Amino acid sequence: MTLFQKAKHINRGKHILFNLTSANSIGPTVHRFNTKGFFTTRPQNKKQGTVDEWAQGALNKKEEFVEKIYGKPLVYFQSTVSPLLPQTYPVPKITRAREVEEGTELPLNSHLLYFLPNYTEHELSLDGYNEEESPPEPYNQRVWAGGSLTFSTENPLRVGHTATLVSQIDSVKEKYRPIESGGPLIMVGIKREVFNENGLSITERRELAYMEKMSPARKNVKPKNEPDFQHSFVPSNISLFRYSALTWNSHLIHYDFNYANKVEKHPNLLVHGPLTCTLLLENLRCNLPTGYKVHTFSYRAVSPLYVKSKMTLCGKWNAEQKQMLDAGDRPDQLKCELWAINDEDGLAMQGTATLKRVSL
């Protein structure tokens, strides 16, 4: 066992912070992975010390980004996601200057196209992701574990708004796993709030899981429900590349096959967790009852989705509420279970959306 792996636990339980003894810093070194076609000369992960020392500096440290919400990124967003969605997907009006019209409400989760941090390549972790959100060695591999979204139905974010994103890490926890299952996980929770001129518009919470070594073995959990609506497609390399570009996401697992396959042992490039979340919500938007808007969505990732493999977006309405709708009633709130399944009909992501009735 290396010095990196000698962990001193502060207390026990399902979720605990823990103290990790690390080796002393010996300065930048060159890292080379023993793979064909992949290596990096990026400096070694600069973070040293314990996880709880890192957490003390990272927790509740706020970052603010102010941005004018222009319509141009949404044109490229539509070009990226519309081929992956049903033909009923609502495409906004585009001006002669090839921008989405001012005043247009942003598609669900498309705030991720804005407020992009301006990190240089040498400020990133070895896997190409944001190092500011990652704990120190040996927790180098990460997955998007889940999150939640709350959209204001009265104060949506629109093209033309000047908006402010306030982001902070608000939780760092250890989740116990036996060594044979990969060892402990460090769960990093991030809260992001978007304000426009009228106040709070979007609250996003995301949870990232960090581990020393990830097992890419895919769980094959079957969904419990039959969907009321569904849509299947095959994500391409171009789909993943374009979404990475739109969201300034340089995580290598989405575009560098040698890294994804040789280093993290995946069979192919991974579909982004936020992209799957976005597609679930946009597929729901294709099936919305008249007079309702999506208000919340909470979700968790179950297993990876891979490029060039069929994925299916599914939704099922709350049975009692659906009966009310079919009878002509309009309840104040609707619930819909959303899930994505892989090419083996196993769950990849699942969650629950709530919809609010709005004035027409």
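Preceding block: the structure.
For the structure given in this document, a descriptive report is provided here.

Calculation notes
Residues numbered from 1 in each chain as written. Predicted model: local features only at pLDDT ≥ 70, side-chain atom pairs only at ≥ 80, totals over all residues. Heavy atoms only, no water. Polar contact = N/O pair within 3.5 Å; in protein donor to acceptor, adjacent residues only side chain to side chain. Helix = DSSP H or I, 4+ residues; strand = E, 2+ residues; numbered from the N terminus. Buried < 20%, exposed > 50% of the residue type's maximum accessible area, 1.4 Å probe, protein only. Core = buried A, V, L, I, M, F, W, Y, C linked by side-chain atoms within 4.5 Å. Contact = heavy atoms within 4.5 Å. Salt bridge = Lys/Arg side-chain N within 4 Å of Asp/Glu carboxyl O. Pairing = 2+ DSSP bridges.

### Quick notes on helix 6 (residues 319–326)
For step 1, the next point in the chain: One side-chain oxygen of the residue at the start of helix 6 lies 3.2 Å from the amide nitrogen of Glu320, identifying that residue as Asn318.
For step 2, the next point in the chain: Following helix 6 by one or two positions, Gly328 adopts a phi angle in the positive range, close to 95°.

### Some points on unusual backbone geometry
For step 1, the next point in the chain: Positive phi, close to 65°, is recorded for Lys308, a residue that is not glycine.
For step 2, the next point in the chain: Take Lys308: it is sitting in the loop between strand 10 (292–301) and strand 11 (311–317).
For step 3, the next point in the chain: For Lys308, a relative accessible area of 60% corresponds to the exposed category.
For step 4, the next point in the chain: Even without being glycine, Asp345 reaches a positive phi, approximately 60°.

### Re the nonpolar core
For step 1, the next point in the chain: Formed by 70 residues in total, the largest nonpolar core has its most connected members in Leu281, Leu284 and Leu338.
For step 2, the next point in the chain: By residue number, the principal contributor to this core is helix 5 (residues 273–285), which donates 6 residues.
For step 3, the next point in the chain: Residues in contact with Leu281, not counting those within four places in the same chain, are Leu108, Asn109, Leu149, Phe151, Val294, Phe297 and Leu338.
For step 4, the next point in the chain: If you look at the next biggest cluster of nonpolar residues, it comprises 6 residues, including Ile253, Tyr259, Leu270 and Tyr306.

### Re the pattern of salt bridges
For step 1, the next point in the chain: One pass over the structure, following the stated rule, counts 12 salt bridges.
For step 2, the next point in the chain: The partner of Lys322 in a salt bridge is Asp326, and the shortest N-O contact between them spans 3.3 Å. Taken together, the residues Lys322 and Asp326, both in helix 6 and 4 residues apart, mark about one turn of the helix.
For step 3, the next point in the chain: Judged by relative accessible area, which is 30%, Lys322 ranks as partly exposed.
For step 4, the next point in the chain: Under the relative-accessibility criterion, Asp326 is labelled exposed at 57%.

### Thoughts on the pairing of strand 11
For step 1, the next point in the chain: Of all 7 residues that make up strand 11, 6 are buried, and the element is covered over most of its length.
For step 2, the next point in the chain: Relative to strand 11, strand 9 (residues 229–233) is paired through 5 bridges, and the arrangement is antiparallel. In the strand pairing of strand 11, Phe229 is matched with Gly315.

### Looking at the environment of Lys191
For step 1, the next point in the chain: One can find Lys191 in strand 7 (residues 185–196).
For step 2, the next point in the chain: Note on Lys191: relative accessible area 25%, which makes it partly exposed.
For step 3, the next point in the chain: Expressed as a C-alpha distance, the spacing of Lys191 and Glu204, which sit 13 residues apart in the sequence, is 6.0 Å.

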